[in-house]
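Each chain, letter by letter, is given below.
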Amino acid sequence: MVAEATRATIAVVCLVGLLGLCVHYGATEAERSPGPSPEQLDEEYDEHVGENVLLFGTVLSVDDDEMTVEANGDAAVEVAVTGDTAPDDVAAGGFVQVYGELRPDRSVAAGEIVVVNSHPADEWYKLGASVVGVLVAAAYFLRHWRLSLSRIGWEVRRDG
Amino acid sequence: MAELLSHVLIAFVVLTVASWRLEWLTKRWVAVGMVGAIFPDLEQIGTLVSDAAVRELLGVPFNWAAIHTLGGVVLLSGVAAMTFSDERRRAFAVLVAGALTHLVTDGAKMYAGGYASAWLYPVVRSRPPTPNLYVSSDVRVLSLVLAATILVVWVDRSDIATADPPD
């Protein structure tokens, strides 16, 4: 019983530590963030004009020399992306990373664009492969381990 | 993140190769490491309960992305290791190892601007540079990992892996 209490205590301490880490990570986010977040752009765009920004967002439209992106975060903000590095392998619904300078006309002069998903279907590929990955890990784990109610925890499956 | 199938199989490959030299690292521990490889992506809990919602609830800054870091996976592995009836230290070590294969793989992902996510946090609080090797939807990643998995399974089942080196 003492062992179970110790295990529970350690688990709770780790869990509280993890939540504390999430709080600290959130509090120090500005140290790591290159430029304003979508939330900041939504609320105070003009204050950040001229700064470099890294945005992650869904492509709303693409034409020859401009792309419109909805940057995702706690807020969604729509910006035009210009520059001679505009990719030709992305369609509306794709997902991109954009790094560049914020301009006054709600646009970003992109220095670098990374196409994460060329098409919306790429997201389904990742989702499908991830579901399979979880199932593979769970099946292989349960082949070797079983949940013991008497000993409260995972124990080796002797017939595995 | 790359998709989770690649991450789980990378953990399998790395830990199986390690098992050729570490006698205690049996298949059941490799299986534990594969579960650990999923841990960094538990940050996706943020799609169910947003950072903003937690911030509002607690009244303090908050970001689930801390789970996808070295500190996050160590603490998460600590929680998970306590669910094992025995050999919890070994479970902890293997869970962390599996999670590390995930973080290292993601550390090589492409980022506009050339810096990866802060995966070494809190040991290194800044974002380390990335070699920009791939994007998460690149099917070549999974193809390469599947090929490596088949090779490792084949070697593991033969005598090559555990044969003593020649004198």
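The text that follows walks through the structure, step by step, so that each part is easy to find. Just so we're clear, the structure is a prediction, and the values are computed from it rather than from any experiment.

Quick word on the overall build of chain B
At step 1: Each helix and strand counted, chain B has 6 helices and 0 strands in total.
At step 2: Traced from its N-terminal end to its C-terminal end, chain B shows the element sequence α-α-α-α-α-α.
At step 3: Its C-alpha atoms give chain B principal-axis dimensions of roughly 65 × 40 × 30 Å.
At step 4: Per-residue burial over chain B gives 52% buried out of 167 residues.
At step 5: When contacts within chain B are restricted to residue pairs at least 6 apart in sequence, long-range pairs at least 24 apart make up 60% of them.
At step 6: Surface exposure of chain B reaches about 7800 Å², of which carbon and sulfur atoms provide 66%.
At step 7: The positive charge centre, built from 12 side chains, and the negative charge centre, built from 14, are 4 Å apart in chain B.

A word on the overall build of chain A
At step 1: Scanning chain A for helices and strands turns up 4 helices and 7 strands.
At step 2: For chain A, the α and β elements follow one another from N to C terminus as α-α-α-β-β-β-β-β-α-β-β.
At step 3: Taken against the 2.2 N^0.38 rule, which gives 15 Å for 160 residues, the C-alpha radius of gyration of chain A at 23 Å runs more than 25% over that of a compact globule.
At step 4: Based on the C-alpha atoms only, the size of chain A along its principal axes is roughly 65 × 35 × 20 Å.
At step 5: Here chain A holds 160 residues, and 38% of them are scored as buried.
At step 6: Taking contacts inside chain A between residues at least 6 apart in sequence as the whole, the part at least 24 apart equals 49%.

A few points about a negative patch on the surface
Residues and elements named next belong to chain A.
At step 1: Taken together, Asp63, Asp64, Asp65, Glu66 and Asp105 make up a surface patch of like negative charges.
At step 2: For Asp63, the position within the fold is in the loop between strand 1 (52-62) and strand 2 (66-71).
At step 3: Using a relative accessible area of 47% as the deciding quantity, one classes Asp63 as partly exposed.

Comments concerning the pattern of salt bridges
At step 1: Here the structure, examined in full by the defined rule, presents 11 salt bridges over all chains.
At step 2: Its salt-bridge partner being B:Arg125, residue A:Glu31 comes within 2.8 Å of it at the nearest N-O pair. One end of the pair, A:Glu31, is in helix 2 (residues 29-32); the other, B:Arg125, is in the loop between helix 5 (88-106) and helix 6 (139-157), on a second chain.
At step 3: With a relative accessible area of 35%, B:Arg125 lands in the partly exposed category.

Points about a nonpolar patch on the surface
At step 1: A cluster of nonpolar side chains, namely A:Trp124, A:Leu127, A:Val131 and A:Leu135, defines an oily patch on the protein surface of about 470 Å² accessible area.
At step 2: With respect to the helices and strands, the residue A:Leu135 is situated in helix 4 (residues 120-144).

Some words on the interface of chain A and chain B
At step 1: The partner chain B presents 57 residues to the 52 residues of chain A that form the contact.
At step 2: Both faces combined, the contact of chain A with chain B buries some 4600 Å², and carbon together with sulfur accounts for 68% of it.
At step 3: On the chain A side of the contact with chain B, A:Tyr25, A:Tyr125 and A:Tyr140 bury the most area, a combined 14% of that side's loss.
At step 4: Counting the contacts that link chain A with chain B gives 3 salt bridges.

Observations concerning the nonpolar core
At step 1: Counting residues in hydrophobic clusters, the biggest one holds 45 residues, and the most contacted among them are A:Trp145, B:Trp29, B:Val30, B:Val32, B:Met34, B:Phe84 and B:Leu95.
At step 2: Counting only elements with at least two residues in this core, the list comes to helix 1 (2-27) and helix 4 of chain A together with helix 1 (4-19), helix 2 (27-36), helix 4 (70-81), helix 5 and helix 6 of chain B.
At step 3: If we ignore the near neighbours within four places in the chain, the residues touching B:Met34 are A:Val136, A:Ala137, A:Tyr140, B:Val8, B:Ala11, B:Phe12 and B:Leu15.
At step 4: With 19 residues, the next largest nonpolar core counts A:Leu41, A:Met67, A:Val69 and A:Ala110 among its residues.

What about unusual backbone geometry?
Trans is the prevailing form of peptide bonds, just as negative phi is the prevailing case for residues other than glycine.
At step 1: Note the cis peptide between B:Tyr121 and B:Pro122, where omega equals 5°.
At step 2: Tracing the chain through its elements places B:Pro122 in the loop between helix 5 and helix 6.
At step 3: Positive phi is not limited to glycine here, since A:Ile152 has a value of about 45°.
At step 4: By relative accessible area, A:Ile152 is classed as partly exposed at 49%.
At step 5: Although it is not a glycine, B:Glu87 adopts a positive phi angle of roughly 50°.
At step 6: Looking at the secondary structure, you find B:Glu87 in the loop between helix 4 and helix 5.
At step 7: Overall, the relative accessible area of 35% leaves B:Glu87 in the partly exposed class.

Structural notes on helix 4 of chain B
At step 1: Look at helix 4 of chain B: 16 Å from first C-alpha to last across 12 residues, which is about the 16 Å you get at 1.5 Å a residue.
At step 2: Buried within helix 4 of chain B are the following residues: B:Leu70, B:Gly71, B:Gly72, B:Val73, B:Leu76, B:Ser77, B:Gly78, B:Val79, B:Ala80 and B:Ala81.

A word on the packing of helix 1 of chain B against helix 2 of chain B
Residues and elements named next belong to chain B.
At step 1: Where helix 1 meets helix 2, the axes come as close as 8 Å, and the angle between the chain directions of the two elements is 145°. Seen from above, helix 1 lies across helix 2 with right-handed handedness. Mapping the contact onto sequence places Val8, Ala11, Phe12, Leu15 and Thr16 in helix 1 and Val30, Gly33 and Met34 in helix 2.
At step 2: Taken together, the residues that form the contact of helix 1 with helix 2 break down as 6 nonpolar, 2 polar and no charged.

The rules behind each value
Here the residue numbers are simple positions, counted from 1 along each chain's written sequence. All chains are assigned letters beginning at A, and all ligands numbers beginning at 1, according to the order in which they are written. Only residues with pLDDT of at least 70 get local features here, since the model is predicted, and only at 80 or more are side-chain atom pairs given and counted; chain-wide, interface and lining totals rely on the full set of residues. Processing note: side-chain calculations cover all non-hydrogen atoms of the structure and skip hydrogens and water entirely. A run of H or I in DSSP counts as a helix once it spans at least four residues, and a run of E counts as a strand once it spans at least two, with each numbered from the N terminus. Partly exposed residues are those whose accessible area sits between 20% and 50% of the maximum for their type, while under 20% is buried and over 50% is exposed, using a 1.4 Å probe and protein chains only. Every residue pair with non-hydrogen atoms within 4.5 Å of one another is taken to be in contact. Areas reported here follow the Shrake-Rupley algorithm with a probe of radius 1.4 Å; residue values treat only the protein chains shown as occluding. When charges are tallied, Lys and Arg are placed among the positive residues and Asp and Glu among the negative ones, while His and the ends of the chain are skipped. For this purpose, a charge sits on NZ of Lys, CZ of Arg, CG of Asp or CD of Glu. Throughout, the radius of gyration refers to the C-alpha atoms, and the reference size of a globule is 2.2 Å times the residue count to the power 0.38. Here, patches come from residues exposed beyond 30% relative accessible area and free of salt bridges, joined within 9 Å for like charges and within 5 Å for nonpolar side chains (Val, Leu, Ile, Met, Phe, Trp, Tyr). A pairing counts as a salt bridge when a side-chain nitrogen of Lys or Arg comes within 4 Å of a carboxyl oxygen of Asp or Glu. Here the quantity called buried area is the accessible surface, traced with a 1.4 Å probe, that two parts lose on coming together, added over both. As used in this record, nonpolar core signifies buried Ala, Val, Leu, Ile, Met, Phe, Trp, Tyr and Cys residues forming a set joined through side-chain atoms within 4.5 Å. Multiplying 1.5 Å by the helix residue count minus one yields the expected span of that helix. Here, axes are lines fitted to C-alpha atoms. For helices the fit covers the stretch in contact, and angles between N-to-C directions go from 0 to 180 degrees. The handedness criterion is simple: a crossing whose near helix is rotated anticlockwise from the far helix by less than a right angle is left-handed, and one whose near helix is rotated clockwise is right-handed. Note on residue categories: nonpolar means Ala, Val, Leu, Ile, Met, Phe, Trp, Tyr, Cys or Pro, charged means Asp, Glu, Lys or Arg, and polar means any other residue, Gly included.

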